[in-house]
Amino acid sequence: MSSGIPGFDLLSQPVINPGSSSTCPDPVVSAPMHSIPGLGGVDDTLYRLVTLNNVQQNSTCVYDYYARLAFGSHLYPGSSLHASLALPVANPAPGTASITTSGMGQKTLSIPVNQVQPQGLSKDMAAAQGTDHIWNISKFPMPSQVHFADTCNIQNPTSIPVQTIVSWQKQPATPSGDITIVTHVYADNPSDRAITAVITDDIRSGTTVLTTTGPVYVMVPANTTMMAMTSTISVVSGTTNLNNLATSFYVDTYTGMPISGTVTATSSATVTLSGPELDQTSVISDRQSISGANLWFSADSFTGVDGQWMAPYITGTATQNPVLWSSLPQSGDGVVTFTNQISVGQAVIVTGTLMDIASVNGSDGFTAQTPPATIDIDTDAKVSLVINKVIPDILTAGESQIFTFTVKNSQGITEATPSITFSAGETNKSVTLTGLAPGTYIVYEEPATGWNAQSPQEVSIVLPSCSNSVTFTNTVLAAKAQVQKITIPAGFEAGWAFVLTGPGTPSGGEIVTSTGSGYTSFSTVLQEGHYIITEVSKSGWDQTDESGCVFDVNYPGDANLTYSCDVTNTQRGQIIVQKNTLPAGSSQTFTFAPSYGSDFNLTDGGSN
């Protein structure tokens, strides 16, 4: 069993699983040892060697072991607790690990330590002499942590109730002139499971220990701050420099095994003056305040004693300013419970605290106050991104088109690859991505055959705005039309006029004139529909062939196509008759009839 993570606490003794055979031997477990270098490239691995002797053949033995985070693990954010099974290496070479996972497989349980808060202690101390009364005051919040889930989700609560309980006790006056000392130790357990605190409290004069209380075993419930110990002693008059030191280590309530590391807390007190029976009454005061942007709180009620919220505060009003409360004079023990609401004003990711400090103010000058009691607050927010897509109305029954997008964050990491599918008659659709962290995103549209490519779009989603959108408006790659003139005989291809008629052409159609052999293009961007290319005829020529001059455009299947029209014209022949007469210059008219039976006549145009 091993770990290469700072702050790891390897338990000392595997235990036999109750489901194992009763013939299984107890394991022999070594003290913690180090392998330098450690497993997996770490500098140092802590491990214990478990030896099993006299295991019977064909028996099955199951051993459980426990591993946990130690105090100080929160000082290594980003690391994790890992525990692995390993084998010892016989005679390891210098500079190599003394254990190996080879042949064992890799069994790792990772527990992130980022933002882990350790258990802690806090203290207070008061001292009185003569016939003065000493008042003891303590407090604890419920709960000690508040979390607001996704504050962009309007279904989640924006206000959470909490309570703080303040209690005080009036101690009997000390008529002998001795100094009465009272100390309190508060244990804080921010974890999600109960833990047992083992607390010792030394009351001292300077560095000299006057008395030691403890060790006291106190189970601290999960997510709780509580008063764990009270110590009361009397010392002779003239004792100075009164202070106390509380020390605690912790025992795992589940396994009963100690946890490495200790925590300490100190406090001090000044002895109040002697005299008659002073401070027979006290006024309890309380100050509440909140930190954290866009976090608010209200003081809704208090129960237990008579008192009032101090002006200008109005009960139940949400505020970010401190709120003060004061009781009527108290002549004995009492308890007051404050009920508050913590609220978040808008979508935000923030941490903060609701802090409460209570104090007792004796009628003759005695004062004492609790250490700050805090309720830790944190919020979360998840934003959404809407991708809008707009296309022309070109899809007919049975046709569909899918557009796919890639969404990357500011680090270039792909967050999602959504798609939008269009069917006949649909021109505007969208897809919404949820659960995103606030920040900047780049949306890429993947190329689609037959459609114009789209440039990436950058979009920022900044709280308190919980969403933003991008719009991609796309068009198909337009089809084109061209015409080619072919003449028989060749060489007469220039100067022919052609007319394109159909959707999107001007009134009377678009007219182009050929400039020679090859194709002449029309400028009209073809829409869906029926098109015809016709030729403006020329005298002396007959159209003898054409192809591709009548066509229908249907997107997106016809995107980026070029429709070609070929028109062939053949030139007509000529018959020239020259008449000669003797004598020349006769005015006689001659008529000629072609031999192939045509009904036209050739008429003499003059003498030659």
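Just so you know, these numbers come straight off a predicted model, no measurement behind them. (Residues numbered from 1 in each chain as written. Predicted model: local features only at pLDDT ≥ 70, side-chain atom pairs only at ≥ 80, totals over all residues. Heavy atoms only, no water.)

Let's talk about the overall build of the chain
Next up, step 1: The number of helices and strands found in the chain is zero helices and 49 strands.
Next up, step 2: Every one of the 608 residues in the chain was classed for burial, and the buried ones make up 39%.
Next up, step 3: Relative to all contacts within the chain whose residues are 6 or more apart in sequence, the contacts with residues 24 or more apart total 70%.
Next up, step 4: Put simply, the chain shows about 30700 Å² of open surface, and 52% of that area lies on carbon and sulfur atoms. (Helix = DSSP H or I, 4+ residues; strand = E, 2+ residues; numbered from the N terminus. Buried < 20%, exposed > 50% of the residue type's maximum accessible area, 1.4 Å probe, protein only. Contact = heavy atoms within 4.5 Å. Areas by Shrake-Rupley, 256 points an atom, 1.4 Å probe, with all protein chains shown as cover.)

Some points on the nonpolar core
Next up, step 1: Residues L385, L526, I533 and F551 are the most contacted members of the largest nonpolar core, which totals 46 residues.
Next up, step 2: For L385, the contacting residues outside a window of four places in its chain are V407, V431, T432, L433, L436, Y441, V443, V459, I461, N468 and S469.
Next up, step 3: A126, I137, W309 and A368 belong to the second-largest nonpolar core, a separate cluster that totals 35 residues. (Core = buried A, V, L, I, M, F, W, Y, C linked by side-chain atoms within 4.5 Å.)

Quick look at the sheet that holds strand β39 (residues 467-473)
Next up, step 1: Ordered in space as β36-β32-β39, the three strands form an open sheet in which the pairing is mixed. Across the chains shown, the open sheet's two edge strands, defined by having one partner strand only, are β36 (428-436) and β39. Each adjacent strand pair in this sheet contributes to an overall mean axis angle of 15°, direction not counted.
Next up, step 2: Relative to β36, strand β32 (residues 383-390) runs antiparallel, the two being bridged by seven bridges. Bridge pairing links N388 to S430 in β36. (Pairing = 2+ DSSP bridges. Axes fitted to C-alpha atoms, helices over the stretch in contact; angles between N-to-C directions.)

Re unusual backbone geometry
Next up, step 1: Here the residue pair G214 and P215 is connected by a cis peptide bond, since its omega of 5° sits within 30 degrees of zero.
Next up, step 2: Take P215: it is sitting in strand β20 (residues 208-220).
Next up, step 3: The residue after Y555, namely P556, is reached through a cis peptide bond having omega 0°.
Next up, step 4: Within the secondary structure layout, P556 lies in the loop between β46 (550-553) and β47 (562-571).
Next up, step 5: Backbone geometry places N91, a non-glycine residue, at a positive phi of 50°.
Next up, step 6: Locating N91 in the fold gives a position in the loop between β11 (87-88) and β12 (99-100).

Notes on the pattern of salt bridges
Next up, step 1: This model, assessed by the stated rule, comprises seven salt bridges.
Next up, step 2: For K123, the salt bridge identified is with D201, shortest N-O distance 3.9 Å. Linking K123 in strand β14 (residues 120-129) with D201 in strand β19 (residues 195-205), this pair joins segments that are 78 residues apart in sequence. As far as burial versus exposure is concerned, K123 and D201 are alike and both buried.
Next up, step 3: For E445, the salt bridge goes to K389, with nearest N and O atoms at 2.5 Å. Taken together, the residues span a long stretch of sequence, with E445 in strand β37 (residues 439-445) and K389 in strand β32 at a distance of 56 residues. You'll find E445 and K389 in the same group, each marked buried.
Next up, step 4: One salt-bridge network, held together by shared partners, links K139, D286 and D356. (Salt bridge = Lys/Arg side-chain N within 4 Å of Asp/Glu carboxyl O.)

Comments concerning the environment of T319
Next up, step 1: If you trace the backbone, T319 turns up in the loop between β26 (307-309) and β27 (323-327).
Next up, step 2: Its relative accessible area of 10% is what places T319 among the buried residues.
Next up, step 3: A sequence separation of 30 residues divides T319 from S289, and the C-alpha atoms of the two residues are 9.1 Å apart.
Next up, step 4: Those residues within four positions of T319 in sequence are excluded, and the remaining contacts are I290, W296, F297 and Y313.

Concerning the packing of aromatic side chains
Next up, step 1: Evaluation of the coordinates by the stated rule reveals 12 aromatic pairs.
Next up, step 2: With a centroid separation of 5.5 Å and 85° between ring planes, the pair formed by W496 and W541 is classed as edge-to-face. One end of the pair, W496, is in the loop between β40 (480-488) and β41 (497-501); the other, W541, is in strand β45 (residues 541-547), and 45 residues separate them in sequence.
Next up, step 3: Using a relative accessible area of 1% as the deciding quantity, one classes W496 as buried.
Next up, step 4: Taking the relative accessible area as the measure of exposure, W541 reaches 11% and is therefore buried. (Phe/Tyr/Trp six-rings, centres within 6.5 Å; stacked < 30°, edge-to-face > 60°.)

Here's the deal with the side chain of Q482
Next up, step 1: Among the secondary structure elements, Q482 is positioned in strand β40.
Next up, step 2: Its relative accessible area of 17% is what places Q482 among the buried residues.
Next up, step 3: Contacts of Q482, omitting those with residues within four sequence positions, involve Y519, T520, S521, F522, I533, T562, Y563, S564 and C565.

Some words on the state of the cysteines
Next up, step 1: In the structure shown here, the tally under the stated rule is three disulfides.
Next up, step 2: Here C24 pairs with C61 through a disulfide, and the sulfurs are 2.0 Å apart. Taking the sign of the S-S torsion, about -100° here, the bridge from C24 to C61 comes out left-handed. Within this pair, whereas C24 is found in the loop between β3 (15-16) and β4 (28-29), its partner C61 is found in the loop between β7 (50-51) and β8 (63-64), the two being separated by 37 residues in sequence.
Next up, step 3: Overall, C61 belongs to the partly exposed group, its relative accessible area being 23%.
Next up, step 4: Residue pairing for C152: its cysteine sulfur links by disulfide to C466, the two sulfurs lying 2.0 Å apart. Taking the sign of the S-S torsion, about -85° here, the bridge from C152 to C466 comes out left-handed. One end of the pair, C152, is in the loop between β16 (145-148) and β17 (159-170); the other, C466, is in the loop between β38 (457-461) and β39, and 314 residues separate them in sequence.
Next up, step 5: Classification of C152 by relative accessible area gives buried; the value is 16%. (Disulfide = S-S within 2.5 Å.)

Here's the deal with the environment of E415
Next up, step 1: Checked against the element boundaries, E415 lands in strand β34 (residues 414-416).
Next up, step 2: Since its relative accessible area comes to 37%, E415 is described here as partly exposed.
Next up, step 3: Once the C-alpha coordinates of E415 and L433 are considered, the two residues, 18 residues apart in sequence, prove to be 9.4 Å apart.
Next up, step 4: Not counting chain neighbours up to four residues away, the residues in contact with E415 comprise V407, K408, N409, L436 and Y441.

As for the sheet that holds strand β23 (residues 258-269)
Next up, step 1: The four strands are arranged β20-β19-β22-β23 in an open sheet whose pairing can be described as antiparallel. Either end of the sheet is taken by a strand with one partner, and the two such strands are β20 and β23. The mean angle between the axes of side-by-side strands here comes to 15°, regardless of whether they run parallel or antiparallel.
Next up, step 2: Taken together, the 10 bridges between β19 and β20 define a ladder with antiparallel strand orientation. Bridged to A197 within β20 is V218.

Some points on the confidence of the model for the chain
Next up, step 1: Across the chain, the average pLDDT comes to 86, with 86% of residues at or above 70.
Next up, step 2: Counted against residues more than four places away or in other chains, residues 1-16, with its pLDDT under 50, gives 77 contacts. (pLDDT = per-residue confidence, 0-100.)

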